[in-house]
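Geometric and topological summary
Spelled out, the chains give:
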Amino acid sequence: MALTITNRTHQAWEQMTEKVMTWLDIMIKNLPNIAIAIVVFFLVIIASKQISKVSLKLLHKTNLQHSMKSLISKFIAVVVILFGLFLVLSILNLDKVLNTILAGVGVAGLAVGLALQGVLSNTYSGIVLSYIKQVKYGDWIKTNDYEGEIVDIDLRAITLKQIDNNLVYIPNKLVVENPIKNYSSTSQSRVILECGVGYESDLRMVKELTINTILNNFDVITNKNEVLFLWKEFGDSSINFELRFWINSTSALEVAKAKSEGIMLVKEAFKQNNINIPFPIRTLDIPKNITISNIDNSNES
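Residues numbered from 1 in each chain as written. Predicted model: local features only at pLDDT ≥ 70, side-chain atom pairs only at ≥ 80, totals over all residues. Heavy atoms only, no water.

The chain carries the name Mechanosensitive ion channel protein MscS in an unreviewed UniProt entry, which gives Wenyingzhuangia fucanilytica as its organism. Recorded in UniProt for the chain, the comment headed Subcellular location (unreviewed entry) runs: "Cell membrane". (UniProt positions renumbered as here; feature names shortened; annotations may be inferred.)

Here it is in structure tokens:
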């Protein structure tokens with residue numbers, strides 16, 4: 001029994017030794033190919049970096065978004081590396097391994113695609129946004145209830161800088177699937193100002209004064225037809241109007257500044273001409289046959 005175990009152990013050791021020696025012989029015979037494969041692989045890595053840099057410089061001359069330029073240059077680098085990997089496997093006579101890798105990539109790609117649906121959706125949406133000319137760096141937009149200047153578009157999210165200088169990162173999928181309001185698509189923006197005057201006011205005079213105030217203080221306004229004055233309603237305490245005029249700006253911040261300046265100018269003009277801007281009040285109408293008497297609580301005991 002002991003001899004049988006010893007013989008089996010000896011045979012297993014001889015087989016393992018023979019296998020290792022066979023591998024060593026194959027490795028020694030293929031040392032030139034291995035050395036060439038290593039050199040080729042490092043050359044491919046260096047070439048991919050240089051080709052990526054050159055392609056990025058060439059893409060800077062196009063009108064593509066920065067994120068799209070970066071994506072294309074990285075894609076070119078990956079293609080070069082994959083080509084080098086196939087070349088290395090061919091040098092090492094591992095064509096069968098190459099076929100196995102390609103088959104495995106197909107199965108793994110399907111599994112990864114199912115697991116990363118959200119990420120891939122944002123990536124695809126980022127590519128779409130990179131091609132949309134109406135949405136580009138520096139534009140002031142409003143989307144998904146957020147408003148600000150576009151400072152970055154990558155493959156995951158679009159970055160907006162708001163008026164308060166805070167950054168908002170919105171997933172690309174939400175931007176593509178929801179409406180986008182681009183304030184920078186035209187060279188001018190409209191300022192809308194609302195106010196009200198007392199019922200005793202001369203409405204025609206108020207309209208003329210308000211329009212002239214805007215015309216005399218905003219250089220971008222060239223004629224009276226560009227200032228729109230509309231009486232809106234008989235309010236509880238005032239007759240309300242809406243004033244609209246244009247400024248040469250595409251920034252929401254500049255629109256807000258112009259509106260603030262317009263409010264101050266209209267208020268000053270109304271004050272100089274004794275025009276009342278009433279605050280909400282309530283009037284009590286007491287019938288004449290009702291008398292109000294003062295009660296002296298000090299006499300009560």
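Another point: the overall build of the chain. Within the chain, the regular secondary structure consists of eight helices and eight strands. Looking at the chain as a whole, 27% of its 301 residues qualify as buried. Of the contacts formed within the chain by residues at least 6 apart in sequence, a portion of 59% connects residues at least 24 apart. (Helix = DSSP H or I, 4+ residues; strand = E, 2+ residues; numbered from the N terminus. Buried < 20%, exposed > 50% of the residue type's maximum accessible area, 1.4 Å probe, protein only. Contact = heavy atoms within 4.5 Å.)

Take the packing of aromatic side chains next. The tally for this structure, following the rule as stated, stands at seven aromatic pairs. Relative to phenylalanine 234, the ring of tyrosine 199 lies with its centre 6.2 Å away and its plane at 20 degrees, an arrangement referred to as stacked. In this pair, tyrosine 199 sits in the loop between strand E6 (189–197) and helix H7 (203–217) while phenylalanine 234 sits in strand E7 (residues 228–234), placing the two residues 35 residues apart along the sequence. For tyrosine 199, a relative accessible area of 42% translates into the label partly exposed. Among the residues examined, phenylalanine 234 registers a relative accessible area of 66% and is labelled exposed. For the pair phenylalanine 229 and tryptophan 231, a centre-to-centre distance of 5.1 Å together with 75 degrees between the ring planes defines the contact as edge-to-face. Connected via pairs of aromatic rings, a cluster forms that spans Phe229, Trp231, Phe241 and Phe270. (Phe/Tyr/Trp six-rings, centres within 6.5 Å; stacked < 30°, edge-to-face > 60°.)

Turning our eyes to something else, we now look at the sheet that holds strand E8 (residues 239–247). An order of E6-E8-E7 is seen for the three strands of this open sheet, with the pairing classed as antiparallel. The open sheet is flanked by E6 and E7, the only strands paired with a single partner. On average, each strand axis in the sheet is tilted by 20 degrees relative to the strand beside it, whichever way the strands run. Taken together, the nine bridges between E6 and E8 define a ladder with antiparallel strand orientation. Paired with valine 197 across the bridge in E8 is isoleucine 239. (Pairing = 2+ DSSP bridges. Axes fitted to C-alpha atoms, helices over the stretch in contact; angles between N-to-C directions.)

Opposite charge on two side chains permits them to pair, given that their charged atoms come into close proximity. Taken as a whole and assessed by the stated rule, the structure comprises four salt bridges. Among the ionic pairs, glutamate 242 bridges to arginine 244, the shortest N-O distance being 2.5 Å. On the basis of relative accessibility, which here comes to 9%, the residue glutamate 242 falls in the buried class. A single salt-bridge network, built from bridges that share partners, covers Glu194, Lys232, Glu242 and Arg244. (Salt bridge = Lys/Arg side-chain N within 4 Å of Asp/Glu carboxyl O.)

This part covers the packing of H7 against helix H8 (residues 252–272). Where H7 meets H8, the closest approach of the two axes is 10 Å, and the angle between their N-to-C directions is 130 degrees. Accordingly, the angle class assigned to the pair H7 and H8 is oblique. Read as a crossing pair, H7 and H8 show a hand that is right-handed. Where H7 abuts H8, its residues Val206, Leu209, Thr210, Thr213 and Asn217 lie against Leu265, Val266, Ala269 and Phe270. In terms of residue class, the contact of H7 with H8 is made up of six nonpolar, three polar and no charged. (Parallel < 35°, antiparallel > 145°, perpendicular 65-115°, else oblique. Left-handed = near helix turned anticlockwise from the far one by under 90°. Nonpolar A, V, L, I, M, F, W, Y, C, P; charged D, E, K, R; others polar.)

Moving residue by residue along a regular strand, the side chains alternate between the two faces of the sheet. Taken together, the four bridges between strand E1 (residues 140–143) and strand E2 (residues 146–153) define a ladder with antiparallel strand orientation. Paired with threonine 143 across the two strands is tyrosine 146, which belongs to E2. Between the end of E1 and the start of E2, which pair antiparallel, lie two residues, with asparagine 144 showing a positive phi angle near 55 degrees. Where E1 meets strand E5 (residues 180–182), three bridges bridge the pair, whose relative direction is antiparallel. By the bridge assignment, lysine 142 is partnered in E5 with lysine 181.

Now for H7. The end-to-end C-alpha distance of H7, which contains 15 residues, comes to 22 Å, matching closely the 21 Å that a straight helix rising 1.5 Å per residue would cover. Considered for burial, the residues of H7 that qualify are Val206, Leu209, Thr210, Ile211, Thr213 and Ile214. Capping of H7 at its N-terminal end is provided by aspartate 202; its side-chain oxygen lies 3.3 Å from the backbone amide nitrogen of arginine 204. (Expected span 1.5 Å × (residues − 1). Polar contact = N/O pair within 3.5 Å; in protein donor to acceptor, adjacent residues only side chain to side chain.)

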